[in-house]
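Residue-level listing of the chains:
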Amino acid sequence: MRKYMDINYTVTQESLINGMSLALRKFSKGGKATIIAFTMIGFGLMCISLQLIWNITSECSPLFSANYFNILFSQNYSKLFIIVATFAGGIAFFVNAYKFPKGYFKKWAKKPMNQSAFGDKNITLDNNQITISSNQGNRSNITWQTISRIFQTQQFFFFEVQENNFIIIPKNAITHEEIRYIDETIKQNAQSRYQIMNY
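Analysis parameters
- Sequence order as written defines the numbering, with residues in each chain counted from 1.
- Only residues with pLDDT of at least 70 are given local features in this predicted model, and only at 80 or more are side-chain atom pairs given and counted; all residues enter the totals for whole chains, interfaces and linings.
- Side-chain numbers here rest on the full set of heavy atoms in the structure, without hydrogens or water.
- Two aromatic rings from Phe, Tyr or Trp, using only the six-membered ring of Trp, form a pair when their centres are within 6.5 Å; if the ring planes differ by under 30 degrees the pair is stacked, by over 60 it is edge-to-face, and anything between is tilted.
- Helix and strand labels come from DSSP, where a helix needs a run of H or I of at least four residues and a strand needs a run of E of at least two; each type is numbered from the N terminus.
- Classification of residues uses two cut-offs on accessible area relative to the type maximum, computed with a 1.4 Å probe and protein chains only: under 20% is buried, over 50% is exposed, and between them is partly exposed.
- Whether a charge lies above a ring is judged from NZ of Lys or CZ of Arg, which has to be within 6 Å of the ring centre and within 35 degrees of the ring normal.
- Paired strands, as defined in this entry, are two strands with at least two bridges between them according to DSSP.
- Helices are assigned an expected span. That span is 1.5 Å times one less than the residue count.
- What counts as an axis is a line fitted to C-alpha atoms, over the stretch in contact for a helix, and the angles between N-to-C directions run from 0 to 180 degrees.
- In this description, contact between two residues means that some pair of their heavy atoms is separated by no more than 4.5 Å.

Asker: Any chance you could explain the packing of aromatic side chains here in plain terms?
Answerer: Working definition: an aromatic ring pair is given by the centre-to-centre distance plus the angle between the planes. Scanning all chains against the criterion turns up nine aromatic pairs. Both rings, one in Phe27 and one in Phe158, keep their centres 5.3 Å apart while their planes meet at 70°; by these two values the pair is edge-to-face. With Phe27 in the loop between α1 (13-26) and α2 (29-59) and Phe158 in strand β6 (residues 156-162), this pair connects stretches of sequence that are 131 residues apart. With a relative accessible area of 4%, Phe27 lands in the buried category. The class for Phe158 is buried, based on a relative accessible area of 0%. Centroid distance Phe156 to Phe158: 5.6 Å. Interplanar angle 50°. Geometry classified as tilted. Here the aromatic residues Phe27, Phe151, Phe156, Phe158 and Phe166 are joined through ring pairs into a cluster of three or more. The side chain of Lys26 reaches across the aromatic face of Tyr199, ending 4.8 Å from its centre.

In structure tokens:
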């Protein structure tokens, strides 16, 4: 195995947004908790709307009789508004749970201060550290001991250098030889913190 390898790759907005979204959904406790919270709130609102419909239904026989609609549209449409609002709110929270956090990262990517995250990068891996530099002149040296977790998915390598802070390498931006080298170097230096995921 080679002692080190210089790897040049390009990070696009799309690949970084997809990578950060995957990291937050799958590897972050806070991200998972947010998704669960959105789902539970959505479920609760849907249950409230269904309960309101059931309450009206129980007052009317047969179902959807003239009296049913009189109750539904009574009091200046207040009951209808509450049912529609709670149902729509539940759907909105379900959609947010499904899309989280890609919408947030799309806004983040448009800010001028974050443009240095994209573009041409160079990463060097050896048995001592990982060195990352960008075409903007930024350079970071990270020892293997400071990396808490490493994940390989079908599309990315993730190196967690701080809680919820990942270095992301898109696999479609590097060669098969470079993917194999990164995998072997990780196994040699951080095997116990390395997980290969099937997604």
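Moving on, there is more to tell.
Asker: Quick question: what am I supposed to make of the pairing of strand β5 (residues 149-152) here?
Answerer: When a strand is regular, its side chains alternate between the sheet's two faces. Two strands pair when backbone bridges link them, and β5 and β6 are joined in this way by four bridges, in the antiparallel orientation. Among the inter-strand pairings, Phe151 is bridged to a residue of β6, identified as Phe158. Between β5 and the antiparallel strand that follows it, β6, lie three residues. Two strands pair when backbone bridges link them, and β5 and strand β8 (residues 194-196) are joined in this way by three bridges, in the parallel orientation. Note on β8: the bridge partner recorded for Ile150 is Tyr194.

Asker: Can you help me understand unusual backbone geometry in this one?
Answerer: A negative phi angle is the norm for most residues apart from glycine, just as the trans form is the norm for most peptide bonds. Cis geometry marks the peptide bond from Phe100 to Pro101; its omega dihedral reads -5°. Structurally, Pro101 can be placed in the loop between α4 (74-99) and α5 (102-110).

Asker: Got a minute to help me understand α1 in this structure?
Answerer: Spacing of three or four residues puts side chains on the same side of an α-helix, whose turn is 3.6 residues. The terminal C-alpha atoms of α1 lie 20 Å apart, and with 14 residues this matches the ideal 20 Å at 1.5 Å per residue to within 8%. Considered for burial, the residues of α1 that qualify are Ser15, Leu16, Ile17, Gly19, Met20, Ser21, Leu22, Ala23 and Leu24.

Asker: Mind showing me how you'd approach the sheet that holds β8 here?
Answerer: What the four strands build is an open sheet, ordered β7-β6-β5-β8; its pairing is mixed. Of all the strands in the sheet, just β7 (165-170) and β8 have a single pairing partner and so form its edges. Put simply, the sheet's adjacent strands are angled 15° from each other on average, direction ignored. Where α1 meets the sheet, it contacts β6 and β7, and its direction lies at approximately 65° from that of β6.

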